[in-house]
Amino acid sequence: PYPEKEVEKSIAEIAVDGGFNTLVAALDAADLVETLSGEGTFTVFAPTDEAFAALPEGMLEGLLGDTEALTQILLYHVIGDVVMAETVVTLDEAETLEGSTIEINVVDGNVFVNDSQVTSTDIEASNGVIHVIDKVLVPGTEETGNSKEAFDTQFPNSIVNEYIDAE
């Protein structure tokens, strides 16, 4: 007699349905789909497919082949609590599941996480919230502003360094 309430989708399910194809492929490669499908309270700053496409040539392929580095980068996009947009704008920084902090700034009414602009907010999921961003966040660049230097120190492996040196 009563209409069934639609069950909210998990962050991973929303990413699949929402066209975050590269993010989903990366989560799958890093074996994080189950984590972001399960119980928990997460805030994910989700890069668009265009954000992944804007990475230096060869970087994404290198990361997809280096599960450890890929996992660290993906966890750098996740906060272990639900932080809605109205709260995000009051913060200067937030600690990520990767272990580093991301900087949060509001400039002319636009919210930036490190140097990535938030383009859509408060996509609610059963296990958290998604905010869409226009650039892939890289650990270490918030202090240096230099992705090559950050990668050299954070991920000193040949795959990542090869593609950066090719720039």
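For the structure, see preceding data.
The structure displayed is predicted, hence computed values, not measured ones.

**Student:** I'd like to hear about the overall build of the protein chain, residue by residue, with values.
**Tutor:** Per the secondary structure count, the protein chain includes 10 helices and 7 strands. When each of the 167 residues of the protein chain is scored for burial, the buried share is 46%. If you take every contact in the protein chain between residues at least 6 apart in sequence, the share linking residues at least 24 apart comes to 61%. Carbon together with sulfur atoms contributes 47% to the accessible area of the protein chain, which is approximately 8,800 Å² in total.

**Student:** Which residues make up the nonpolar core, and what values go with them?
**Tutor:** By size, the foremost hydrophobic cluster in this structure holds 32 residues, and its most contacted members are I11, L23, L36, V44 and L74. For this core, the secondary structure elements donating two or more residues are α1 (11-17), α2 (21-29), β1 (42-47), α4 (49-53), α5 (59-64), α6 (67-75) and β7 (128-133). Looking at this core element by element, the count peaks at 5 residues for α6. Leaving out residues up to four positions away in the same chain, I11 has contacts with L36, F42, V44, A125, N127, G128, V129 and I130. Counting 13 residues, the second largest nonpolar core, distinct from the first, contains V83, V113, V118 and I133.

**Student:** Could you give an account of the pattern of salt bridges, naming the residues involved and the relevant values?
**Tutor:** For the coordinates displayed, the defined rule picks out 2 salt bridges. With a shortest N-O distance of 2.4 Å, K9 and D17 are connected by a salt bridge. Using a relative accessible area of 37% as the deciding quantity, one classes K9 as partly exposed.

**Student:** Summarise the side chain of N114; cite the residues concerned and give the values.
**Tutor:** Locating N114 in the fold gives a position in the loop between β5 (110-113) and β6 (116-125). Among the residues examined, N114 registers a relative accessible area of 12% and is labelled buried. Polar contacts involving the side chain of N114 include one to the side chain of Y76, which spans 2.9 Å.

**Student:** Describe a negative patch on the surface, listing the residues and the values that go with them.
**Tutor:** A cluster of acidic side chains, namely D92, E93, E95 and E103, defines a negative patch on the protein surface. By secondary structure assignment, the location of E95 is in strand β3 (residues 93-95).

**Student:** Account for the sheet that holds β1, naming residues and giving values.
**Tutor:** Taking strand neighbours across the sheet as the criterion, the 7 strands line up as β2-β1-β7-β6-β5-β4-β3 in an open arrangement whose pairing is mixed. The strands lining the two open edges of the sheet, one partner per strand, are β2 (78-79) and β3. Sheet topology note: the β3/strand β4 (residues 101-107) ladder contains 3 bridges and is antiparallel. Among the inter-strand pairings, E93 is bridged to a residue of β4, identified as E103.

**Student:** Before we move on, could you go through unusual backbone geometry and cite the residues and values that matter?
**Tutor:** Even without a glycine there, the phi angle at D108 is positive, about 50 degrees. With respect to the secondary-structure elements, D108 resides in the loop between β4 and β5. A positive phi angle, close to 55 degrees, is found at D122, a residue other than glycine.

**Student:** Residue-level account of the environment of E39, with values.
**Tutor:** You can see E39 is positioned in the loop between α3 (33-37) and β1. Sequence-wise, E39 and N127 are 88 residues apart; in three dimensions their C-alpha atoms are separated by 5.8 Å.

**Student:** Account for the side chain of T71, naming residues and giving values.
**Tutor:** Among the structural elements, T71 can be located in helix α6. Residue class for T71 comes out buried when judged on its relative accessible area of 15%. Excluding residues that lie within four positions of it along the chain, T71 makes contacts with A30 and L32.

Conventions used here
- Residues numbered from 1 in each chain as written.
- Predicted model: local features only at pLDDT ≥ 70, side-chain atom pairs only at ≥ 80, totals over all residues.
- Heavy atoms only, no water.
- Helix = DSSP H or I, 4+ residues; strand = E, 2+ residues; numbered from the N terminus.
- Buried < 20%, exposed > 50% of the residue type's maximum accessible area, 1.4 Å probe, protein only.
- Contact = heavy atoms within 4.5 Å.
- Areas by Shrake-Rupley, 256 points an atom, 1.4 Å probe, with all protein chains shown as cover.
- Core = buried A, V, L, I, M, F, W, Y, C linked by side-chain atoms within 4.5 Å.
- Salt bridge = Lys/Arg side-chain N within 4 Å of Asp/Glu carboxyl O.
- Polar contact = N/O pair within 3.5 Å; in protein donor to acceptor, adjacent residues only side chain to side chain.
- Patch = residues over 30% accessible without salt bridge, like charges linked within 9 Å, V, L, I, M, F, W, Y side chains within 5 Å.
- Lys, Arg positive; Asp, Glu negative; His and termini not counted.
- Charge placed at Lys NZ, Arg CZ, Asp CG, Glu CD.
- Pairing = 2+ DSSP bridges.

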